[in-house]
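Per-entry structural report
Single-letter residue listing:
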Amino acid sequence: MARRISFVVVPGFEPLDLSGPMSAFHCALETCNAAYEINVVSSTGGAVPGWFNILADTVGPHGANHGDTVIVVGGPEAHEPQREPDTVNLLGSLAASSRRIAGVCTGTFYLAEAGLLDGHRVTTHWRWAPLLQARYPQLSVNSDRIYLNDGKIWTSAGVTAGIDLALALIESDYGSDVSQSVARELVVYHRRPGGQSQFSAILDLAPESDRVRKAIAYARDHLGETLSVESLAEAAHVSSRQFSRVFLKETGETPARAVERIRAEVARPRIEEGYESIELIAHDVGFGDVERMRRTFLRLFGQTPQALRRIARAYAREAALTHQPKLRKRMPVHVA
């Protein structure tokens, strides 16, 4: 029997929040024989305009068959779900008979308004996470997750993170072989861990000049070395005094703080993977010792490296328990 995936959209939805996850499920259906049936639902039915006037052909509430998974799509106005009471009511109806519920980006606001997330850990786009937490204090909002699973509730960060969420759902259904095959077809990473940060230190610094960008690139390629202001200034081809002034003006941080952030960003996925000792990682990325890295992680992530590793292992154990019975299961081809 096919697993019905129902995407719920409202006027002004973000097209990539819909097309990204939908492409993943469709790819699993077409290339891996995964038994999915995909439809798009709205409170009105018919053509629903999204951002950039892209239209989604939808079925209305009476034509929406209650299914396996409900995925709510976000959009620029989704942080005001009170404007869509019919959609909120529709979600309550669909969720009652669904195995799992998911929100992509700000789609989480609709789920929260429907009371479906009370007491759960969730995530959303980092920009809207503080508002989500303030408006719905009964939730536990984590703004530093790409996606997050808590029981039957799945939520993701913004835009492309919806693809990561879809791959995780596919893996939960049919195992890692299928999700990996889908990732290859979509030319995306097979698995960015759900706990991976939404942020990139290098992107967040956003320098304006080529000189500062060259210095940051040099730092990223030489993390294991001593990165003094002098060495970075030399890479930027400016004097040390001028470099420090320009760097602070363009990035809002000192060179030392920026290098520290980049080192932490590179170290974190290696720590969460758990294959190397924390001492080795600290040395390789240039922290020099574990204590210095520990202080940096506490300041940037609010967790020690050891705590982040324990959390990652806990997620891995939970995923293994969820997926193990399904790894060898071959599903029949479904023809809609």
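Quick look at the pattern of salt bridges
Going through the model one piece at a time under the given rule, you end up with 18 salt bridges. Between R3 and D173 there is a salt bridge whose closest N-O contact spans 3.7 Å. Of the two residues, R3 is situated in strand β1 (residues 3–8) and D173 in helix α5 (residues 161–174); the sequence distance between them amounts to 170 residues. Accessibility assignment for this pair places R3 and D173 in one class, buried. Close ionic contact of R213 with D210 constitutes a salt bridge, the shortest N to O distance being 2.4 Å. Of this pair, R213 and D210 both sit in helix α8 (residues 210–221), three residues apart, which is roughly one turn of the helix. Exposure remark for D210: the relative accessible area of 49% places this residue in the partly exposed category. Sharing partners across several salt bridges, the network here consists of R3, D68, R99, R100 and D173.

Describing unusual backbone geometry
Where the residue is not glycine, phi is negative for most of them; where a peptide bond is considered, it is trans in most cases. Located in the positive-phi region is N33, a residue other than glycine, with phi close to 60 degrees. Relative to the assigned elements, N33 resides in the loop between α1 (15–32) and β2 (36–41). Owing to a relative accessible area of 22%, N33 belongs among the partly exposed residues under this scheme. Even without glycine at this site, V187 takes up a positive phi of about 55 degrees. Mapped onto the elements, V187 comes out in the loop between α6 (176–186) and α7 (201–205). A relative accessible area of 73% means that V187 is categorised as exposed.

What counts and how
- Residues numbered from 1 in each chain as written.
- Predicted model: local features only at pLDDT ≥ 70, side-chain atom pairs only at ≥ 80, totals over all residues.
- Heavy atoms only, no water.
- Salt bridge = Lys/Arg side-chain N within 4 Å of Asp/Glu carboxyl O.
- Helix = DSSP H or I, 4+ residues; strand = E, 2+ residues; numbered from the N terminus.
- Buried < 20%, exposed > 50% of the residue type's maximum accessible area, 1.4 Å probe, protein only.

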